[in-house]
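Each chain, written out:
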Number of protein chains: 2
Amino acid sequence: MRGLMQDRPLTIPTLLSRVETNFGHKRVVTGDTVATWSEVAPRVRRLARALDHLGVPPGACVGTFAWNSQRHLELYLGIPASGRILHTVNHRLFADQITFIVNDAADDVLFVDRTILPVVWPLVSSFRSVRHVIVMDDGGDFPLPDDPRILDYEDLLAQRSGEPLELAVPDENAAASLCYTSGTTGNPKGVLYSHRSVVLHSLLLLGADVFALSEKDVVAPIVPMFHVNAWGLPYAAMQCGADLVLPGPHTAPEQLVTLLSRHRVTFSAAVATVWRDLVPLLAGSDLGSLRHIACGGGAVDDALSHAYEKTIGIPLTNAWGMTETSPVVTTSRLGTHHVGLTGDERRLLLGTPGPAVPLTELRVVADDGVPQPRDGTTPGELQVAGATIAGAYYGADSGADSFTSDGWLRTGDVATIDRWGYLRIVDRTKDLVKSGGEWISSVELENAIMADPRVREAAVVGVADPRWGERPVACVVPADGVHLTGDDVRAHLRGRVASWWIPERVELLDEIPKTATGKWSKQTLRQRLGGQRAD
Amino acid sequence: MRGLMQDRPLTIPTLLSRVETNFGHKRVVTGDTVATWSEVAPRVRRLARALDHLGVPPGACVGTFAWNSQRHLELYLGIPASGRILHTVNHRLFADQITFIVNDAADDVLFVDRTILPVVWPLVSSFRSVRHVIVMDDGGDFPLPDDPRILDYEDLLAQRSGEPLELAVPDENAAASLCYTSGTTGNPKGVLYSHRSVVLHSLLLLGADVFALSEKDVVAPIVPMFHVNAWGLPYAAMQCGADLVLPGPHTAPEQLVTLLSRHRVTFSAAVATVWRDLVPLLAGSDLGSLRHIACGGGAVDDALSHAYEKTIGIPLTNAWGMTETSPVVTTSRLGTHHVGLTGDERRLLLGTPGPAVPLTELRVVADDGVPQPRDGTTPGELQVAGATIAGAYYGADSGADSFTSDGWLRTGDVATIDRWGYLRIVDRTKDLVKSGGEWISSVELENAIMADPRVREAAVVGVADPRWGERPVACVVPADGVHLTGDDVRAHLRGRVASWWIPERVELLDEIPKTATGKWSKQTLRQRLGGQRAD
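Residues numbered from 1 in each chain as written. Chains lettered and ligands numbered in written order. Predicted model: local features only at pLDDT ≥ 70, side-chain atom pairs only at ≥ 80, totals over all residues. Heavy atoms only, no water.

Novice: Looking at this model, I keep getting lost on helix 13 (residues 442-450) of chain B. Mind explaining?
Specialist: Since there are 3.6 residues in each turn of an α-helix, residues three or four apart along the chain are aligned in direction. Most of helix 13 of chain B is tucked away, with seven of its nine residues classed as buried. Buried residues of helix 13 of chain B: Ser442, Val443, Leu445, Glu446, Ala448, Ile449 and Met450 of chain B, and no others. (Buried < 20%, exposed > 50% of the residue type's maximum accessible area, 1.4 Å probe, protein only. Helix = DSSP H or I, 4+ residues; strand = E, 2+ residues; numbered from the N terminus.)

Written out as structure tokens, the structure is:
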């Protein structure tokens, strides 16, 4: 027998309706531009009408190349709320990858910030399905091409003023948005989120044990909106009525600190690289309004977190997820069983991924597929299940071997889980270094090296070794003005890691090469070091 | 096109799995009995197996007559997680109502606390479908009937030890639980919750702006588990891993205060009558662990809330809902637009229902069906929509006129909503007093009377009046040891309410008659006062 509850689907139009009805007075800030939801919401409805007018078919993909801005937010709502699929594209990818992604998604039209047009327009002839490029003028000076495919965003909206529009998506399982993983091997793979998964994920972020987002918050997603729905923060902010503060194209460290300070931001999220770049500015800034700084995209470097704790009073808090997981799967927090930890221990704990959010299950699995004990020490491949987790990839590359026969996502991370459900990532499967038959965690070795205040960044990769199979090589960026040698690094490591982990080879670099999403590109490092993987 | 997320239904078995996996060390306390989830969860699985063994068909209703206890919690999980329907029955109803409800639900078996057996057993011959009465020995001394239908709960579980059981409910829309409204007119009507609505509701309660329940909390639902799933608190506590503290049959004020104090309860919920009974004990108790006291079932009397604020530092916080709404629809909170309120104004605001939780929509509607402006002053009938709101009644009385043609629930309350979505209940539709063609809110008049510290409780009902149509009659219970007259009440009201609201007739009573759920029974009052409704 079915329950007799109202049949109300979990969809993005209901989110729009919620902000319109309850949070019309709350703000969407882009740089120095402030709008209220009472101003933004009618623009969303006009945008949806403009998509009708452009003849964008229901269920078609609509690409966006945009910074974090009010207009991108309008696209976040208007595209899925009118039954199309929001396809956010990372413009920092290689040209070939962008072309592959736009063609794989068969984007019907593209919305492009004018400052990003120099990246997109030269590729337009390679886009097979794109009928129009709608330019959003964000102050960029790239000359507008004299081409009938070019349209202006504000013109489109102005033409649709006064046309009311009821938005409704009847099926919560309909596709809402699409984001490609920037995999380091093979073609990018698309993750196709449903309205249901977007709404459920937004509810999870409100949880007191997750991000505890509330109407009192001022939320600044620094993590790009072209990257996994900006961790779902725009949708979660709408759900609770938090103010949203967005940097637009102005993402230099000084600009970010000014943004966080001026708008009294309480919650912000970004990858470690961004937080590291702000450190020199912390002491001279007023960031006292921040109550929670979420740091994702990798382990939290404790020296970095300590710098925040010392200067603004709160450490960084880790969160773990992937494009395939909406993305938030775990957020770090102190549990009741952590009573008695010292301040340093608390900060270290907050730098680890933490336990799974509701609706989500974790397991670590041995090579033979057997779940490992949840003892905090036995590693295995991390697998994830839940209503906000991808069950397949979209497009040409199905990535079938990324899912188990019982439907769990294989993350490619090696991890441990303790008896309280706390996750620790040992390494990416492919980044583990196998030396003399034993595994070395590149992540642990990096953290040990970065615990040295003379070190700014460190990345460890394995290179083939005739005797040991593989040996770790440390790529180290010294702190500003510091002269450092390989012997200094080794001396620091002595007593901190097993002696056979200590790398014979230490490369001193000016910076660690990054991927398009700001993570360290270990693939690039391996190529530079001339080493093929031993495997 | 459908999104490509994992097909993971929102069901109660996944909740059980979550506590087993992550919160095995967290506690379920019943009076002085402490168990961990590692102990409780296997009992839930044994219970599910016992239902199989008893031949309870899938989809059948299983009735419970029980206090808030670990065993009732086991029933909350084991019955729905094995595909049956948990039917909680209020044993304080009249015998005829209990018989009607058990027969309407066609309960297959009943689980009954031994202390409640004196109520249930005499009725058993009137129950048409009940095959077994499973007694849960909670220390009651009612002699166990020598009857083959009687079974012992612990025996049933012991017989099923060592039999493992995978629990799964494939369809989240399947019925999970059933609760009848104790309507004051007509037969009780059943509300049939789905697994989906139970799980969604549990997520809502974790929200920072709702109850903000977390792993750090110690949650004591004093609101009975036979009353709307105890406001969903048991399921929400499982979702976040909070400790649960349950009073069992020991619900005397002294016992409740001891329970809250001894177990360092942080969150508790009950109706105003319960909180009022604790007031004399507050000053002598240590309730410093409480961070949130939820008060539902009616408006919060400010004098009562003030008593809490003065003695333990926090006021009561209102929540609004009904059996038909899972139940939580609104919870009171201070918004960013409330900055600048005085302490008294803040407490008064927290005593009102507040804004709607996510996934839920409110509207107030005029007699002609037109939605009223959200201006905080224009009243209309309150209607509610959402995935956690009933769309129809179960059983004999469909209550079709309780739902609008577009599927919203008609609450029978008259209310206003302000521009920030804050709800205020003006009155129950049927409790409004129409005097001289103008409406008098019985709720407002009661609050004005109870603002007098010499008054313990006051209820206002309308009685027929030859001149005015109806006039309000105030039924007033003086505070302990206070001598009060009708003139005292009228003098207090002067200047606080419109002069024509002031009741000519004031009845001084020893107590206000209550319904089975602890609310004032205005029906009983009207009968005592000899008045038929004017309408």
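Having seen the structure, we can now continue with the description.
Novice: How should the domain arrangement of chain A be read in this particular structure?
Specialist: One frequent convention defines the size of an interface as the accessible area lost when the parts assemble. Residue and element names in this part refer to chain A. The domain architecture assigned to chain A consists of domain 1 (12-194), domain 2 (252-428) and domain 3 (432-528). With 13 residues of domain 2 in contact, the opposing surface of domain 3 contributes 14 residues. Of the roughly 1,100 Å² buried between domain 2 and domain 3 on both sides combined, carbon and sulfur atoms contribute 49%. Three residues, Arg276, Val426 and Asp427, lead the burial of domain 2 against domain 3; their summed loss comes to 42% of the area buried on that side. Across the domain 2-domain 3 interface, the total number found is two salt bridges. Taken together, the elements giving at least two residues each to the side of domain 2 that touches domain 3 come down to helix 10 (272-282) and strand 19 (423-428). (Domains from an automatic or database assignment. Contact = heavy atoms within 4.5 Å. Buried area = accessible area lost by both parts, 1.4 Å probe. Salt bridge = Lys/Arg side-chain N within 4 Å of Asp/Glu carboxyl O.)

Novice: Sorry if this is basic, but what is going on with the relation of the copies chain A and chain B here?
Specialist: Two copies of a chain can be linked by a rotation about an axis combined with a shift along that same axis. If you rotate chain A by 180 degrees and push it 0.0 Å along the axis, it lands on chain B with an RMSD of 0.1 Å. Such a combination of turn and shift is consistent with a two-fold rotation axis. Residue glycine 207 of chain A of chain A places its C-alpha closer to the rotation axis than any other residue of that unit, at 2.2 Å. Both copies present the same face, since 100% of the interface residues in chain A are matched by interface residues at the equivalent positions in chain B. (Least-squares fit on C-alpha atoms with pLDDT ≥ 70 in both.)

Novice: I keep staring at the interface of chain A and chain B and nothing clicks. Help me out?
Specialist: Counting residues at the interface gives 73 residues for chain A, matched by 73 residues for chain B. It is Leu4, Met5 and Gln6 of chain A in chain A that bury the most area against chain B; as a group they hold 14% of the surface buried on that side. Where chain A packs against chain B, one counts four salt bridges. Between arginine 333 of chain B and glutamate 215 of chain A there is a salt bridge, with its nearest N and O atoms 3.7 Å apart. Every element with two or more residues in the side of chain A that touches chain B is listed here: helix 1 (12-22), strand 9 (189-194), helix 7 (195-206), helix 8 (233-240), strand 16 (360-365) and strand 17 (380-386) of chain A. Here the element with the most residues in the side of chain A that touches chain B is helix 7 of chain A; it accounts for seven residues. Tallied by class, the residues present in the side of chain A that touches chain B amount to 36 nonpolar, 22 polar and 15 charged. (Nonpolar A, V, L, I, M, F, W, Y, C, P; charged D, E, K, R; others polar.)

Novice: Would you take a moment to explain the sheet that holds strand 11 (residues 243-246) of chain B for this structure?
Specialist: Backbone-to-backbone hydrogen bonds pair the strands of a sheet. The strands run either parallel or antiparallel. Residues and elements named next belong to chain B. Ordered in space as 2-1-11-10-12-13-14-15, the eight strands form an open sheet in which the pairing is mixed. With partners counted over all chains shown, the strands left at the sheet margins are strand 2 (33-36) and strand 15 (328-331), one partner each. Sheet twist, expressed as the mean angle between neighbouring strand axes with direction ignored, is 25 degrees. The pairing of strand 13 (residues 292-296) with strand 14 (residues 316-321) spans three bridges and is classified as parallel. Its bridge partner being in strand 14, cysteine 295 is matched across the sheet by asparagine 318. Contacting strand 1 (27-30), strand 2 and strand 11, helix 3 (residues 70-81) crosses the sheet at an angle of about 130 degrees to strand 1. Of the strands in this sheet, strand 12 (267-271), strand 13 and strand 14 touch helix 10 (residues 272-282), which is tilted by about 110 degrees from strand 12. (Pairing = 2+ DSSP bridges. Axes fitted to C-alpha atoms, helices over the stretch in contact; angles between N-to-C directions.)

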